[in-house]
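Spelled out, the chains give:
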Amino acid sequence: YFRYFRYTILSRIKYVPNIRNIPKIPNLPKIMYSQYRHCVSALITRKDGKVLLVHKPRKDDAWQIAQGGIEEGENEKEAASRELMEETGIEVAPDKFEICDQTYQYDFPEHFIKAENPKYIGQKLIFVKAEVPNDTEVKVDQRELDDFKWVEVEEIMNYILRKEYLEVILSILD
């Protein structure tokens, strides 16, 4: 089906110099990628201004803001409350979160798609924020997360490597 689709699309393009030299479209997984998974990213700050960063157990691009999928029947604040509790042990009531105007959308890397065969091509992060006391205890779940740090806003760029993601986070904290 996809080869027919590729042929149909390419045969309608008028100004392609040599259609034979266009690389073959890789075999697509069984699930057609048509949408992004909606997730919530919980930007947690302490009263002293430090920001919670969490570490994923992977080699590259491992530091991020706590995040997770929004399950059916949940709103953003409920999902943030649940994910934060599951991953870090921090309890914040849904009504204590503020929904931010900023969102961030990204595509999964090709190696992840090949290895995991996800239902989506990427994720769309909806940001919420909340403040917690300075003595808030964090206990990462050791499955999805393996470490955490409370950092000053000025230090975030030393941990968050994706430029666009970093820009969104800093704009929320501004």
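Structure shown above.
Criteria and cut-off values
- Residues numbered from 1 in each chain as written.
- Predicted model: local features only at pLDDT ≥ 70, side-chain atom pairs only at ≥ 80, totals over all residues.
- Heavy atoms only, no water.
- Helix = DSSP H or I, 4+ residues; strand = E, 2+ residues; numbered from the N terminus.
- Buried < 20%, exposed > 50% of the residue type's maximum accessible area, 1.4 Å probe, protein only.
- Contact = heavy atoms within 4.5 Å.
- Areas by Shrake-Rupley, 256 points an atom, 1.4 Å probe, with all protein chains shown as cover.
- Expected span 1.5 Å × (residues − 1).
- Polar contact = N/O pair within 3.5 Å; in protein donor to acceptor, adjacent residues only side chain to side chain.
- Arc of directions from axis to C-beta.
- Pairing = 2+ DSSP bridges.
- Salt bridge = Lys/Arg side-chain N within 4 Å of Asp/Glu carboxyl O.

Within the protein chain one finds 4 helices and 7 strands. In sequence order, the secondary structure elements of the protein chain are arranged as α-β-β-β-β-α-β-α-β-β-α. Counting every position in the protein chain, which comprises 174 residues, the buried fraction comes to 37%. Partitioning the intrachain contacts of the protein chain with sequence separation of at least 6 by distance along the chain shows that 67% fall at a separation of at least 24. Carbon and sulfur atoms make up 49% of the accessible area of the protein chain, which totals about 11,500 Å².

The terminal C-alpha atoms of helix H2 (residues 76–88), which comprises 13 residues, lie 17 Å apart, in line with the 18 Å expected from a rise of 1.5 Å per residue. Considered for burial, the residues of H2 that qualify are Ala-79, Ala-80, Ser-81, Arg-82, Glu-83, Leu-84, Glu-87 and Thr-88. Contacts from the buried residues of H2 go to strand S1 (36–46), strand S2 (51–55), strand S4 (66–69) and strand S6 (122–132). Sitting at the head of H2, Asn-75 places a side-chain oxygen 3.0 Å from the backbone nitrogen of Lys-77. Directly after H2, the chain includes Gly-89, whose backbone phi takes a positive value near 80 degrees.

We now examine the environment of Pro-94. Secondary-structure assignment places Pro-94 in the loop between H2 and strand S5 (98–107). Considered as a pair, Pro-94 and Arg-82 are 12 residues apart in the sequence and their alpha carbons are 8.6 Å apart. Ignoring any residue separated from it by four or fewer positions in sequence, one finds Pro-94 in contact with Lys-77, Glu-78 and Ser-81.

The next thing to look at is helix H4 (residues 163–173). For H4, the full list of buried residues reads Tyr-165, Leu-166, Val-168, Ile-169 and Ile-172. Buried positions in H4, seen along its axis, are confined to an arc of 160 degrees and lie on one side of it.

This next bit is on the pairing of S2. Along S2, 5 of the 5 residues are buried, which leaves the element largely enclosed by surrounding structure. Neither face of S2 is open: one carries Val-51, Leu-53 and His-55, the other Leu-52 and Val-54, and all of them are buried. Pairing analysis gives 5 bridges linking S2 to strand S7 (residues 147–151), with the strands arranged antiparallel. Looking at S7, one finds that Val-51 is bridged to Val-151. Pairing of S2 with strand S3 (residues 63–64) involves 2 bridges; the strand directions are antiparallel. Along S3, the bridge assignment pairs Val-54 with Gln-64.

Counting across every chain of the model gives 11 salt bridges. Note that Arg-46 is salt-bridged to Asp-48, the shortest N-O span being 2.8 Å. Note that Glu-86 and Arg-82 form a salt bridge whose closest N and O atoms lie 3.3 Å from each other. Taken together, the residues span about one helical turn, with Glu-86 and Arg-82 both in helix H2 at a distance of 4 residues. The exposure class assigned to Glu-86 is partly exposed, which follows from its relative accessible area of 43%. Exposure remark for Arg-82: the relative accessible area of 16% places this residue in the buried category. Connected through salt bridges with shared partners, the residues Glu-71, Glu-74, Arg-82, Glu-83 and Glu-86 form a single ionic network.

So, about the environment of Leu-166. Counting through the fold element by element, Leu-166 comes out in helix H4. Leu-166 gets classed as buried once you look at its relative accessible area, which sits at 13%. On a C-alpha basis, the gap between Leu-166 and Gln-64 in space is 9.2 Å, while along the polypeptide they are 102 residues apart.

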